[in-house]
Amino acid sequence: MDIKNVFVLGLDELNAETLNALPHAEEYRFHQLLTPDELRTQDIQLRHLLAAAERQLYRFEGTIDAIIGYWDFPVSSLVPILCQRFGTIGPGLEAVVKCEHKYWSRLEQRQVIDECPGFGLVDPQKATTPPPHLEYPLWVKPVKSAGSTLAYHVHDQHEFQRAMRLLRDGVGWLGEPFQYILDHLHAPAGIAASGQGCLVEEAVSGTQVTVEGYVQHGAVHVYGVVGSVGYPGRESFLRFQYPAALPANVTERLTQVTTRVIGHIGLDHSTFNIEFFWNEENDTLTLLEINPRHSQSHARLFQMVDGVPNHHAMVSLALGRDPALPRGNGRYRIATKWFLRRFSDARVRRAPTAEEVARVEADVPGTMIHPVAQQDQLLSALPRQDSYSYQLADLYIGAETEDELIDKYERCVAALPYELEDTADTDVENVH
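Rules behind the numbers
- Residues numbered from 1 in each chain as written.
- Predicted model: local features only at pLDDT ≥ 70, side-chain atom pairs only at ≥ 80, totals over all residues.
- Heavy atoms only, no water.
- Salt bridge = Lys/Arg side-chain N within 4 Å of Asp/Glu carboxyl O.
- Helix = DSSP H or I, 4+ residues; strand = E, 2+ residues; numbered from the N terminus.
- Buried < 20%, exposed > 50% of the residue type's maximum accessible area, 1.4 Å probe, protein only.
- Core = buried A, V, L, I, M, F, W, Y, C linked by side-chain atoms within 4.5 Å.
- Contact = heavy atoms within 4.5 Å.
- Expected span 1.5 Å × (residues − 1).
- Arc of directions from axis to C-beta.
- Axes fitted to C-alpha atoms, helices over the stretch in contact; angles between N-to-C directions.
- Parallel < 35°, antiparallel > 145°, perpendicular 65-115°, else oblique.
- Left-handed = near helix turned anticlockwise from the far one by under 90°.
- Nonpolar A, V, L, I, M, F, W, Y, C, P; charged D, E, K, R; others polar.

Caption draft 1: Molecular detail of the pattern of salt bridges. Tallied over the entire structure, the rule returns 19 salt bridges. Two residues, Asp-72 and Lys-144, come together in a salt bridge whose shortest N-O distance is 3.2 Å. With Asp-72 in the loop between β3 (66-68) and α4 (75-86) and Lys-144 in the loop between β5 (138-142) and β6 (152-154), this pair connects stretches of sequence that are 72 residues apart. Residue Lys-144 is classed as buried on the basis of its relative accessible area of 5%. A salt bridge links Asp-422 to Arg-342; the shortest N-O distance between them is 2.9 Å. A residue pair is termed long-range when its members are at least 10 positions apart, and Asp-422 in strand β17 (residues 418-422) and Arg-342 in strand β13 (residues 334-342) qualify at 80 residues.

Printed below as a string of structure tokens:
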């Protein structure tokens, strides 16, 4: 058997388990390329990371058949650089950056689609007002962010100025290393020096969905649409749900817009996911953002419903194989990833043990629980949280109906023994 050596940037335990469940996994040998701690840090030294990855690859005595990654920046930028240097299949760096640079991406989108909000670029070190052609409410976010970190929903001048103050201190975290990438591209005027700039765009509303797909030899394929459900009255996600409950004609329009945009940008040999809003009242679509990678958060959902995680497309593309995923071959009709959150800071006085988690998973079939906050941890110290909440745990749940999904989630939360101490006083909150 011809074993393929596949190097995975930031390979972690959860995704290693997913990768080893792929069809033909016996034909692959997955190697960790740099650790998650090295890559998912608050101090990203891109040049050092690149050198460390190259050293590891040069020292490897076997064949280097594929280099892949499923995390956001810096992994998303390291993959095309390393693929080019070691002669493996992967996307081009410029196309990846055109997707990830939120302002550059908007400029590219606007050339081929109408499904964009009004937008503009500001320097958080100087800006005191939004671009004059935009009206509140607005979203303000770095041109390069991870998740929803440092993204702020602002409704007036006071909130805009507060967001600018917060962004002045925080934008350099990803902005500085992202500027290093921009410095090595022939970016157009207005983009080349904007790594620490911010996108300001009109707020839109509706049902949020994510289109997942891949592009190979220039042909764009969509393999699923995932719905996003928010906490009522909040800016944070409550759950991802696959498949999204959408009319067939809306799914077709999402596919058409996706195909035009990805084809125009020139992304190739890559998975991707694109976030949209569908406003059911006026039946309009608005493209939110493009990610030049698939969502590893959705992997278990595709596995539960279709029988194969979406990692299959990523690995197959990198090896020049057929990335097509099956449909409906999984155990459940619907699958979700739930986010158990807290909306104020606290210290974790008690977190579920591994044995307690395993007991809940056994008692509630079709569930997998991944604790995020650990015992004695301060929630505000958790990395890569959104601007409005802190994650305690992720819960993956499969079911036949939405009512069953909700029932399973509530049973799991009631059984997880989290105890939180509010940082403002000594009261302990049991999260049930």
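Caption draft 2: Molecular detail of the nonpolar core. By size, the foremost hydrophobic cluster in this structure holds 53 residues, and its most contacted members are Leu-9, Phe-30, Leu-82 and Val-315. The element best represented in this core is α4, accounting for seven residues. If sequence neighbours within four positions are ignored, Val-315 has contacts with Leu-19, Leu-22, Tyr-28, Phe-30 and Ile-68. Counting residues in hydrophobic clusters, the runner-up holds 27 residues, among them Tyr-231, Ala-373, Leu-382 and Val-413.

Caption draft 3: Looking closely at helix α13 (residues 402-415). Between the first and last C-alpha of α13 there are 20 Å, a value that for 14 residues agrees with the 20 Å anticipated at 1.5 Å per step. Taken as a whole, α13 has its buried residues at Leu-405, Lys-408, Tyr-409, Cys-412 and Val-413. Looking straight down α13, one finds its buried side chains confined to an arc of 130°; they lie on one side.

Caption draft 4: Region of interest: the packing of α4 against helix α5 (residues 93-100). Between α4 and α5, the least distance of the axes is 9 Å, while the angle of their chain directions is 165°. Relative to α5, α4 is oriented roughly antiparallel. Pair α4 / α5 crosses with right-handed handedness. Touching Ser-76, Ser-77, Pro-80 and Ile-81 of α4 are Leu-93, Val-96 and Glu-100, all from α5. For the contact of α4 with α5, a count of residues per class yields four nonpolar, two polar and one charged.

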